[in-house]
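Here is what each chain is made of, one letter per residue.
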Amino acid sequence: NPHACDLSVLMMVASMMAVLALSAAGLSPPRLPARTSRSERRSALRRLRGGATADPIDEKLYSRQLYVMGRAAQLSLGSASVLLLGLTGLGAEVSKNLALAGVAQLDVHDAEEASLADLSSSWLLKPEDVGTARHAQAVDRLAPLNEHVRVRALGGDGRPLAEGDGQAACRLAGADGGEWWEREGAIDGYTVVVACDMPHAPLARLSAAARASGAKLVACWSAGLAGGVFVDCGEAFVVSDPTGEPPRQALLEHVSCGEEGVATTVQEQPHGLQDGDVVRFEGVRGMEALCAEGRTFAVRATGRHTLSLGETRGCGEFVGGGRLVQVKQPVSLDFKPFEAASEEVGQLLHEVGGRRASRSLTLHAAFAGLHALPAGSPP
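Let us look at the structure shown here. None of the values given here were measured: they were computed from a predicted structure. (Residues numbered from 1 in each chain as written. Predicted model: local features only at pLDDT ≥ 70, side-chain atom pairs only at ≥ 80, totals over all residues. Heavy atoms only, no water.)

### Topic: the overall build of the protein
Secondary structure summary: the protein contains ten helices and 16 strands in total. When burial is assessed residue by residue, the protein has 43% of its 379 residues classed as buried. A separation of at least 24 residues holds for 68% of the contacts in the protein among residues at least 6 apart in sequence. When the accessible surface of the protein is split by element, carbon and sulfur atoms take 53% of a total near 19,300 Å². (Helix = DSSP H or I, 4+ residues; strand = E, 2+ residues; numbered from the N terminus. Buried < 20%, exposed > 50% of the residue type's maximum accessible area, 1.4 Å probe, protein only. Contact = heavy atoms within 4.5 Å. Areas by Shrake-Rupley, 256 points an atom, 1.4 Å probe, with all protein chains shown as cover.)

In structure tokens, the structure reads:
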């Protein structure tokens, strides 16, 4: 859904949205070119199988990410294939962050000629690159950031550029006059597509193409000190951990046995749970049946220290000790394609940093007007 925000957080938000979409997407196959070596095919299969046969994670390189996201998310990143469209200053920063995050493959495309103005915002470009395609030197400057990531630049036809082809900045359209990524099957196999500073009209078409291919879409744009982010993970996107916080825990003062059992936590530890949260119990003396493996309770919060558990008859009598532990439940989310989300912007916009909602609506209107201008028009 679209968000209006300051540029100071835009690059971080755009990169993290892409990384989160990748880490939540599961172990999907990396997109490999038509001709692959036997070692590449074996490596891809090992990543898909996971477990003891999987390629080891470079724990020294990814130590911080492993601490924040966990091993499963890093394995998911390590098997993901990303297409990034648009190597503006914003796109250059996002591409760097994706390479450092450790995706399996990063394909970039931006056939626009680099200008002097681009040098002020893109670390990928140098003065000698002016007049060539923005993606001309992308592989040489992104690949050294992470030896575990395969980086490719795609030409105007969507095919990988051969070495030395960077000077070819031509734009090749699809058979129907559209962009190459609109062709059927052109973006199949990508886990996530990231679009940077793409006008709204082609972005709506890219959103439809990404949905048709099964890829998640993260779009971001910036102008001056403001920018926006849009995320479309499709329908029935399952989030295994909705909050990202550690499961809540609390020591028990008492658990009653009855038709409507009540768990009471010690005064120093309010449970912090809400109606519908799910918990399990550990180490409750006298009520071993309450702690049976796999047994959980959907609770109703009746106070800061009390929870209604439902049926607890037959669980024994509370003697002492034990604790309750929250069991995180997956949540299914339905995202909207870009065109539909834009039409409902009044309901979907969320103001970052607690500012007034009217400012977000103004920013959205300004970007909509800016992106409606014909290509090449001065803003």
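Continuing now.
### Some thoughts on a nonpolar patch on the surface
A cluster of nonpolar side chains, contributed by Leu100, Trp123 and Leu145, occupies part of the molecular surface with about 240 Å² of accessible area. You can see Leu100 is positioned in helix 5 (residues 89-101). (Patch = residues over 30% accessible without salt bridge, like charges linked within 9 Å, V, L, I, M, F, W, Y side chains within 5 Å. Salt bridge = Lys/Arg side-chain N within 4 Å of Asp/Glu carboxyl O.)

### Overview of the sheet that holds strand 9 (residues 249-255)
With antiparallel pairing, seven strands are arranged side by side in an open sheet as 12-11-15-9-10-14-13. Looking at the sheet topology across the chains shown, the edges are occupied by strand 12 (297-298) and strand 13 (300-301). Judged from the three bridges that link them, strand 9 and strand 10 (residues 261-265) form a sheet pairing that is antiparallel. Bridged to Leu252 within strand 10 is Thr265. (Pairing = 2+ DSSP bridges.)

### A word on the environment of Arg313
By secondary structure assignment, the location of Arg313 is in the loop between strand 14 (306-310) and strand 15 (323-326). In the structure, Arg313 is positioned 53 residues away from Glu260 in sequence and 8.5 Å away in space, judged by C-alpha atoms. Polar side-chain contacts of Arg313 include one of 2.8 Å to the side chain of Glu311. (Polar contact = N/O pair within 3.5 Å; in protein donor to acceptor, adjacent residues only side chain to side chain.)

### Concerning the side chain of Thr132
By the secondary structure assignment, Thr132 is in the loop between strand 3 (105-109) and helix 6 (138-142). A polar side-chain atom of Thr132 sits 2.6 Å from the main-chain carbonyl oxygen of Asp129.

### Details of the nonpolar core
Among the nonpolar cores identified, the biggest contains 28 residues, and Leu84, Val94, Leu98, Leu106, Val108, Leu142 and Val194 are the most heavily contacted of them. If you list the elements that add at least two residues to this core, you get strand 2 (81-85), helix 5, strand 3, helix 6, strand 4 (150-153), strand 5 (192-196), strand 6 (216-223) and strand 7 (226-232). At five residues, the largest contribution of residues to this core is made by helix 5. Grouped together as the second largest cluster of nonpolar side chains are 25 residues, Ala195, Ala209, Leu217 and Ala219 included. (Core = buried A, V, L, I, M, F, W, Y, C linked by side-chain atoms within 4.5 Å.)

### Topic: unusual backbone geometry
It is generally the case that most residues other than glycine have a negative phi and that most peptide bonds are trans. Not every positive phi belongs to a glycine, and Asp197 is a case in point at roughly 55 degrees. Locating Asp197 in the fold gives a position in the loop between strand 5 and helix 7 (200-213). Taking the relative accessible area as the measure of exposure, Asp197 reaches 24% and is therefore partly exposed. At Ala236, a residue that is not glycine, the phi angle is positive and equals roughly 55 degrees. Mapped onto the elements of the fold, Ala236 is located in the loop between strand 7 and strand 8 (237-239). For Ala236, a relative accessible area of 48% translates into the label partly exposed.

### Focus: helix 7
With 14 residues, helix 7 should cover 20 Å at 1.5 Å per step; its first-to-last C-alpha distance of 20 Å lies within 8% of that length. Considered for burial, the residues of helix 7 that qualify are His200, Pro202, Leu203, Leu206, Ser207, Ala209, Ala210 and Ser213. Among the residues trailing helix 7, Gly214 stands out with phi positive, at a value near 85 degrees. (Expected span 1.5 Å × (residues − 1).)

### Let's talk about the packing of aromatic side chains
Scanning all chains against the criterion turns up four aromatic pairs. Note on Trp221 and Phe338: the rings are 6.3 Å apart at their centroids and 85 degrees apart in plane angle, and the pair reads as edge-to-face. Pair noted here: Trp221 is in strand 6 and Phe338 is in helix 8 (residues 338-343), with a separation of 117 residues, a long-range link. Geometrically, the ring pair formed by Phe281 and Phe297 is edge-to-face, given 5.6 Å between the ring centres and 75 degrees between the ring planes. Remark: Phe297 occurs in strand 12 and Phe281 occurs in strand 11 (residues 278-282); sequence separation between them is 16 residues. Of the two residues, Phe281 and Phe297, both sit in the buried class. Put simply, the rings of Trp221, Phe230 and Phe338 pair up and form one aromatic cluster. (Phe/Tyr/Trp six-rings, centres within 6.5 Å; stacked < 30°, edge-to-face > 60°.)

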